[in-house]
Amino acid sequence: MTKHNGSKPEVQERIGVYVCHCGTNIAGTVDVVQVAEWAASRLKTRGVVIARDYKFMCSSLGQELIEKDIKELGLTRVVVAACSPHLHEKTFRTACARAGLNPFLCEMVSIREQVSWVHTDKEAATIKSQAAVSGGVERVIHHEALEPLTVPINPATLVVGGGIAGIQATLEIADAGHHVYMVEREPSIGGHMAQFDKTFPTLDCAACILTPKMVDVGGHPNVTLMTWSEVEKVEGYVGNFSVTVRKKARHVKTEDCTGCGICQEKCPKKVIDEIYEAGLGYRKAIYTPFPQAVPRFPVMDVDNCIYFEKGTCKACEKFCPTNAINFDQQDEIVTLEVGNIILATGYDIFDARRVSNYGYGRLANVFTSLEMERLTNAAGPTNGNIVLRDGKTVPEAVGIIHCVGSRDRNFNNHCSVICCMQSLKFAHMVHERTGAIVYNFYIDMRTPFKDYDEFYQRVMEEGTLFVRGKVAEVTDATRLPGEEGKLIIQVEDTLAGKQRRIPVDMVVLSVGLQPRQDSNETAKLFGISCSANGWFIEKHPKLDPVATMTEGIYIAGCAQGPKDIPASVSQGAAAAARVLGKIEQKEMALEPVRASVIEEKCSGCRICNDLCPFNAITFHEDRMVTEINAALCQGCGTCVAACPAGAIYGTGFNNEQVLAQIEGLLLLNVGDEPVPA
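Structural notes on the overall build of the protein chain
Within the protein chain one finds 17 helices and 34 strands. For the protein chain, the C-alpha atoms occupy an extent of roughly 95 × 70 × 45 Å along the three principal directions. The buried share of the protein chain, reckoned over its 677 residues, is 53%. Considering only contacts in the protein chain between residues 6 or more positions apart, those separated by 24 or more positions represent 70%. Total accessible area on the protein chain is roughly 30200 Å²; 51% of this is exposed by carbon and sulfur atoms. In the protein chain, which carries 68 positive and 81 negative side-chain charges, the distance between the mean positions of the two groups comes to 2 Å.

Below, the structure is given as structure tokens:
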């Protein structure tokens, strides 16, 4: 299968090969010295003039080694065998650029992730590394000197989602002097945090710390607040996005409305509030979600309004002192031009009805954690009194069940992060307001952040009883004396090593966080990706948790995954910092690895048109050819592979380069015998 060196002409390029030990990450499994020596001897006719190994190639000394060889040996190509290009390709390209070599004449070969981390046989791993280096050398011969694409950055930013993460990101950018458009689908900003009473572990009033930020957003001169609105279309690319937003009709003229509340007071139609009050309270057919809502303008629920149902009533219009009601108002379509987008769309809570054995929706006094938040809130339906469904009975015993819908392979395998601390907060509040006996049923207690474990210890000292074990069932079927009229929690106490039946008056299900139900549609709209369980995927889970694979699109808060309020605030600020960095640059250099269409070969078949995950392809009906927007293209190669006419050219990954690398990997460019040094 091997082909002698003599069958291929010698290469004129001068190539340097650098093999990294990466401490023991690579050297523990691969004989890196042997790989470097092999490259120097066997790939000499393929242009290799120097091959070195070094303990940490990414260090400043390792980079200086490459720079020195480029200058002194006149290297025209560089191959670095180290970790994933995803991690350090930029590092070595920059080193080449400093030495005067075009950075795109550098090729990285992954012998950590693709060799040492997946093999235990040192001899086999060494041979595989040699093949990988051979492929890299053969490929780099065909590299082209490329220049980055430069695009201007529009300083305006779009923030989608008005929860605490979106609010923080908005204020950071607006305070820096740049305009922000905030789009929120609900009538008010605030998100889930606006529903809470206290926040752990400090027990701060949620409204007290959230409302000032909401007011700042609503009154900021650099913020255009668009509530009761949704993004419908996103076009363009980093620095130059065109976003279409639908402002849903409030049927209230906001320029005339003073937020006096008379319309709500006079409206005769009451509706169960399934969103803000979690089904425990009522609102009117024209309403603001809560007293501190920003903006203060109400919105009309046309599905429940008597006028829209029967054509009569109009009480709100009759009593409005400023004539701000407009039943004929229509949705408005607005186009925004922005340079960057931050997605802070938040989360949904798990539907506890899916765990039928816990009785939610069937047993009256089983509550969800969100319902408990409203019960404990002074502005809630019970004025902060913790009572049963009858609205007056104070429970004498309360059971709080952790991890409902989380850490469960039947529902969500992930940990929802906040459930343990949320449950501890409820235990404290029940003790404080009712004096009831409180049981916490947990799988594992997770209190890892600042002052969290201290809060756990405080709740234990208050007398909360902790039972370690997954609850099997919540039932009202009595079997033993003392269970009459009670809810029975059937659980295996893993610490005591026995089954227990514990009677309580109230059960609180600490339901987990899960992605928004439309997260996949939202991801497609903005040209990003979701993980298998629906969270938005970041560019790198450790090194770039707020960016996405689409330049100019950032994520923050629970849209990326479950997190608590401090982490959401931090990530909102981090996303804003990334955006501000782009704005300050005024223009941005994009990777030139892009696809392009060879027009004379394009048959106009349009096969590629619907395949692009980044919406970078346009078809010109007049010329019957396809065009690729280089600024939108991310170089994924989907269109290149799909084109039956071979009319799409993938810069940096053309057929010649890929086939040469395959030939090198198969060692078809290496002779049977070592080439004399």
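Digging into the pattern of salt bridges
In this structure the tally under the stated criterion is 34 salt bridges. Ionic pairing is found between Arg374 and Glu277, a salt bridge with its closest N-O pair at 2.9 Å. Here the residue Arg374 occupies a position in helix H11 (residues 369–376), and Glu277 occupies one in the loop between strand E13 (270–273) and strand E14 (281–284), the gap between them amounting to 97 residues. In this structure Glu277 comes out as buried when scored by relative accessible area, which is 10%. A cluster of three or more residues bridged by salt bridges with shared partners is formed by Arg185, Glu230, Lys248 and Asp518.

Describing the domain arrangement of the protein chain
Along its sequence, the protein chain is carved into domain 1 (15–146 + 655–665), domain 2 (156–241 + 337–346 + 516–592), domain 3 (249–330), domain 4 (350–513) and domain 5 (595–650). Its C-alpha centre places domain 4 at a distance of 55 Å from the equivalent point of domain 5.

Remarks on the nonpolar core
The biggest cluster of nonpolar side chains holds 91 residues, and the ones touching the most others in it are Ile167, Ile342, Met372, Leu424, Met506, Ile628 and Ile648. Once residues within four sequence positions are removed from consideration, Leu424 is found in contact with Asn440, Met445, Thr447, Phe455, Tyr456, Val459 and Phe466. Membership of the second largest hydrophobic core comes to 45 residues, among which are Val17, Trp38, Ala82 and Leu101.

Quick notes on the state of the cysteines
Applying the stated criterion across every chain yields a total of 0 disulfides. Between Cys263, a free cysteine, and Cys260, which holds the nearest cysteine sulfur, the sulfur-to-sulfur gap is 6.3 Å. Left without a disulfide partner, Cys419 is nearest to the cysteine sulfur of Cys403, which lies 5.9 Å away. Among the residues examined, Cys419 registers a relative accessible area of 3% and is labelled buried.

With respect to the packing of aromatic side chains
Evaluation of the coordinates by the stated rule reveals 10 aromatic pairs. A ring pair is formed by Tyr276 and Phe290, whose centres lie 4.8 Å apart and whose planes are at 20 degrees; its orientation type is stacked. Linking Tyr276 in the loop between E13 and E14 with Phe290 in the loop between strand E15 (286–287) and strand E16 (299–300), this pair joins segments that are 14 residues apart in sequence. Among the residues examined, Tyr276 registers a relative accessible area of 8% and is labelled buried. With 5.7 Å between their ring centres and 85 degrees between their planes, Phe449 and Tyr452 make a pair best called edge-to-face. Judged by relative accessible area, Tyr452 falls into the buried class, the value being 5%. An aromatic cluster is defined as three or more aromatic residues linked by ring pairs; in this entry it consists of Phe200, Phe449 and Tyr452. The ring of Phe319 carries Lys266 above its face, with NZ or CZ at 5.0 Å from the centroid.

Thoughts on the sheet that holds strand E23 (residues 465–468)
Strand order in this open sheet of 5 strands is E20-E27-E21-E22-E23, and the pairing throughout is parallel. The open sheet terminates on both sides in strands that have one partner only, identified here as strand E20 (366–368) and E23. Adjacent strand axes in the sheet meet at a mean angle of 20 degrees, parallel and antiparallel pairs treated alike. Bridge analysis of E20 against strand E27 (residues 506–511) gives 3 bridges, and the strand direction is parallel. Along E27, the bridge assignment pairs Phe367 with Val508. Together, E20 and E27 form the strand contacts of H11, whose direction differs from that of E20 by roughly 90 degrees.

Focus on a nonpolar patch on the surface
A contiguous nonpolar patch, built from Phe653, Val658, Leu659, Ile662 and Leu666 and spanning about 480 Å² of accessible area, is present on the exposed surface. Position of Ile662 relative to the elements: it lies in helix H17 (residues 655–665).

What counts and what doesn't
Residues numbered from 1 in each chain as written. Predicted model: local features only at pLDDT ≥ 70, side-chain atom pairs only at ≥ 80, totals over all residues. Heavy atoms only, no water. Helix = DSSP H or I, 4+ residues; strand = E, 2+ residues; numbered from the N terminus. Buried < 20%, exposed > 50% of the residue type's maximum accessible area, 1.4 Å probe, protein only. Contact = heavy atoms within 4.5 Å. Areas by Shrake-Rupley, 256 points an atom, 1.4 Å probe, with all protein chains shown as cover. Lys, Arg positive; Asp, Glu negative; His and termini not counted. Charge placed at Lys NZ, Arg CZ, Asp CG, Glu CD. Salt bridge = Lys/Arg side-chain N within 4 Å of Asp/Glu carboxyl O. Domains from an automatic or database assignment. Core = buried A, V, L, I, M, F, W, Y, C linked by side-chain atoms within 4.5 Å. Disulfide = S-S within 2.5 Å. Phe/Tyr/Trp six-rings, centres within 6.5 Å; stacked < 30°, edge-to-face > 60°. Lys NZ or Arg CZ within 6 Å of the ring centre and 35° of its normal. Pairing = 2+ DSSP bridges. Axes fitted to C-alpha atoms, helices over the stretch in contact; angles between N-to-C directions. Patch = residues over 30% accessible without salt bridge, like charges linked within 9 Å, V, L, I, M, F, W, Y side chains within 5 Å.

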